[in-house]
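One-letter residues, chain by chain:
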Amino acid sequence: MSLEIGTNWAGNLAFGAQRIVAPTTAREVQDVLADAASTGARVRAVGSRHSFNTIADTPGVLLATSALDSAPVIDEAARTVTVGAGIRYGELGAELQRAGWALSNLASLPHISVAGAIATGTHGSGNRVPSLAAAVAGLELVTASGDIVTLRRGDADFDAAVVSLGALGIVTRVTLDIEPTFDVAQHVYERLPLERVLENFDAISGAGYSVSMFTTWRDPDTVDQVWVKRRVDADAAAPTDMFGALPASVARHPLPGISAEFCTAQLGAPGAWIDRLPHFRLDFTPSNGDELQTEYLVPRTRIGDALEVMRAMHERVAPLLQVNEIRTVPADDLWLSPAYGHDVVGLHLTWLPAQADVEVLLAELEERLLPLGARPHWGKLFAADSAALHAAYPKLADFRGVAERYDPNSMFRNDFVRRVFGA
Ligand SMILES: Cc1cc2nc3c(=O)[nH]c(=O)nc-3n(C[C@H](O)[C@H](O)[C@H](O)COP(=O)(O)OP(=O)(O)OC[C@H]3O[C@@H](n4cnc5c(N)ncnc54)[C@H](O)[C@@H]3O)c2cc1C
């Protein structure tokens, strides 16, 4: 990545930093932070820039993680891999696959960095496959004082430190759980009646290892596509009829009318986890996105109500929407994880790049979804204020206490974190 301050991936944010640095080691990170401490400068880490809001922005020093030494170290006995924080899942996945190992889950795009993804609670889909953050077994971070702190699962502060919004320090290395490699076969089904989804949500979301439903809400009574990713070694054969939806006869893109050439292989062709769990291929380099994203993680028990909200609002939503992806994420213990404490269903919304109009609509959507217990995704656009976020994320006040302990002089505090904390 070039060392320009530049913009985020979507291009809807020009970073306001005065300068950008790209340290290669924890020692160099310490030097950057010591320099910032002596001048009172603020610092934020930036990964692959795939967040849609100001979460990674700073008026001070942008610390790019892309040059951090990233070579994966596999511990076969512990079933973990330790990597540099800036590595992208695609590169890590290719290394793991070569060595006969796998991660249990991936996001839709393999181009995002590991530390950036876990800092925002990024997830894939699967009734029994937790978020990418929940796969973290340990991490090393450099704090504002220049100390190198190592936290492992079970340590005090670990559950606060994984989904950190970048507010505790600069993560330099991450240890992730791994398992032996496995193959996945992907099938797409088309035109699933919404009534069948409401009646059979558990069966449909459990039809494979990882299931995503995609819909544009142009037809409020039909979910356009269901993508079912089956583990070849464990899951039952793909059904020929998915509650009224039929298998696609050709490969599909989630958006209607767009070529599937950049999508991972479908039509049941088995392949390695790294080539099937993301929706988009590793060798496809996405240009700056002509899109914006929002996501609300709704308690699984309220998904019927949340889908009724979307159906009721479809005339407002559809004109600005490219596609709504519906995914399941099981509960975890990470304080700021959208799946903290209970199973959730993600209503992910890919919008047209019309931010002012989208923001008006977000306020309307949140009026209806937040009372259901929906939690906004930290890396995407949302309207909620601090009071609403504290209601949605019950450990937010405790997290603030940890952030104040790790960063007493607010080196890593930016406007986004201030807005979230309420001060
Ligand atoms: C096309 C696309 C597809 C996406 N698909 C999914 C999906 O399937 N599921 C999902 O849940 N989300 C998805 N997202 C959202 C994305 O995963 C998050 O925005 C994620 O944070 C991006 O990682 P990044 O490396 O780009 O982080 P950045 O946007 O660069 O940074 C995000 C946050 O992480 C912090 N951070 C980064 N590195 C470090 C570090 N080393 N130490 C401390 N803090 C750090 C930053 O300070 C910032 O607060 C998608 C986004 C896009 C653009």
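Residues numbered from 1 in each chain as written. Predicted model: local features only at pLDDT ≥ 70, side-chain atom pairs only at ≥ 80, totals over all residues. Heavy atoms only, no water.

Ordered in space as β4-β5-β9-β7-β8, the five strands form an open sheet in which the pairing is antiparallel. Two strands bound the open sheet, and with one partner strand each, they are β4 (73–75) and β8 (148–152). Strand-to-strand, the axes of this sheet are offset by a mean angle of 15 degrees, without reference to chain direction. Relative to strand β9 (residues 170–177), strand β5 (residues 80–84) runs antiparallel, the two being bridged by five bridges. Each bridged residue has a counterpart across the sheet, and for Thr-80 the counterpart in β9 is Asp-177. Most of the contacts of helix α1 (residues 26–39) go to strand β7 (residues 136–142), to which it runs at about 45 degrees, and overall it touches β7, β8 and β9. (Pairing = 2+ DSSP bridges. Helix = DSSP H or I, 4+ residues; strand = E, 2+ residues; numbered from the N terminus. Axes fitted to C-alpha atoms, helices over the stretch in contact; angles between N-to-C directions. Contact = heavy atoms within 4.5 Å.)

Here the focus is the domain arrangement of the protein. Its domain assignment divides the protein into domain 1 (73–181) and domain 2 (183–386). The straight-line distance from the C-alpha centre of domain 1 to that of domain 2 is 23 Å. Taken together, the contacts link 39 residues of domain 1 with 38 residues of domain 2. Buried area between domain 1 and domain 2, summed over both chains or domains, comes out near 3100 Å², and the portion from carbon and sulfur atoms is 61%. Across the domain 1-domain 2 interface, the total number found is one salt bridge. Residues Glu-179 and Arg-231 are paired through a salt bridge, measuring 3.1 Å at the closest nitrogen-oxygen approach. The tally of links between domain 1 and domain 2 comes to 16 residue pairs in polar contact (both at pLDDT 80 or more). Elements supplying a minimum of two residues to the side of domain 1 that touches domain 2: α2 (89–98), β6 (101–102) and α4 (158–161). The element contributing the most residues to the side of domain 1 that touches domain 2 is α2, with six residues. Broken down by class, the residue content of the side of domain 1 that touches domain 2 amounts to 19 nonpolar, 17 polar and three charged. (Domains from an automatic or database assignment. Buried area = accessible area lost by both parts, 1.4 Å probe. Salt bridge = Lys/Arg side-chain N within 4 Å of Asp/Glu carboxyl O. Polar contact = N/O pair within 3.5 Å; in protein donor to acceptor, adjacent residues only side chain to side chain. Nonpolar A, V, L, I, M, F, W, Y, C, P; charged D, E, K, R; others polar.)

Let us look at the site of the ligand. If you check the shell around the ligand, you find 36 residues, and the closest are Ala-45, Gly-47, His-50, Ser-51 and Ser-113. Val-171 has a polar backbone atom sitting 2.8 Å from a nitrogen atom of the ligand. Computed on the free molecule, the ligand has an accessible area of 970 Å², of which 98% lies beneath the protein chains in the complex. Among the secondary structure elements, those contributing two or more residues to the shell around the ligand are β2 (43–46), α3 (114–119) and β9. For the shell around the ligand, the element with the most residues is α3, which contributes four residues. Its residues assigned to classes, the shell around the ligand comprises 16 nonpolar, 16 polar and four charged. (Near = heavy atom within 4 Å. Areas by Shrake-Rupley, 256 points an atom, 1.4 Å probe, with all protein chains shown as cover.)

Moving on: the side chain of Thr-122. Relative to the helices and strands, Thr-122 is located in the loop between α3 and β7. Filtering out sequence-adjacent residues up to four positions away, Thr-122 remains in contact with Ala-107, Ile-112, Ala-117, Ser-131, Leu-132, Ala-133 and His-377.

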